[in-house]
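In case you want the letters, here they are:
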Amino acid sequence: MDKVFIEALEIECQIGIYDWERTIRQPIVLDIEMAFDNRVPAASDDIRDTLDYKAVSKRLVQFVGESGFGLVETLAERCAEIILDEFKVGWVGIKLSKPGAVRGARAVGVKIERSRAS
């Protein structure tokens, strides 16, 4: 399976369950892998045949930046739904990190894998 990836996409958003978190913006970091057959764009050398990682990135920056979820689990799930539905990939893996959320840890978060329903 070929994969297109976006690594360490940092986005400022409102995320968290505590009252103080509801009044600030915090960074989250996304690492994304998307299943995509790269043979067609490799043969054509045409950008129109690719999975446009810039478009995926811009869409997630817009969505996450405007979001206000309490849980990283919810945010990761919604990001996966956007990628599967809007960019027509068959599988996506997302690692969503919340840097600095736990003292002594670089980051905490979730990893999910989702497939489009057949």
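Cut-off values and rules
- Residues numbered from 1 in each chain as written.
- Predicted model: local features only at pLDDT ≥ 70, side-chain atom pairs only at ≥ 80, totals over all residues.
- Heavy atoms only, no water.
- Axes fitted to C-alpha atoms, helices over the stretch in contact; angles between N-to-C directions.
- Helix = DSSP H or I, 4+ residues; strand = E, 2+ residues; numbered from the N terminus.
- Parallel < 35°, antiparallel > 145°, perpendicular 65-115°, else oblique.
- Left-handed = near helix turned anticlockwise from the far one by under 90°.
- Contact = heavy atoms within 4.5 Å.
- Nonpolar A, V, L, I, M, F, W, Y, C, P; charged D, E, K, R; others polar.
- Polar contact = N/O pair within 3.5 Å; in protein donor to acceptor, adjacent residues only side chain to side chain.

Topic: the packing of helix H2 (residues 53-66) against helix H3 (residues 72-86)
Move 1: Put simply, H2 and H3 touch, their axes get as near as 11 Å, and they point 140° apart. The pairing of H2 with H3 is recorded here as oblique in orientation. Between H2 and H3 lies a crossing of right-handed hand. Two secondary-structure elements touch here, H2 through Val56, Arg59, Leu60, Phe63 and Val64 and H3 through Leu75, Arg78, Cys79, Ile82, Ile83 and Glu86.
Move 2: Here the contact of H2 with H3 is built from residues that sort into 8 nonpolar, no polar and 3 charged.

Some thoughts on the environment of Thr23
Move 1: On the secondary structure map, Thr23 appears in the loop between strand S1 (3-13) and strand S2 (26-35).
Move 2: Spatially, the C-alpha atom of Thr23 lies 45 Å from that of Pro41, the residues being 18 residues apart in sequence.
Move 3: Within the structure, the side chain of Thr23 is placed 2.8 Å from the backbone oxygen of Trp20, a separation counted as a polar contact.

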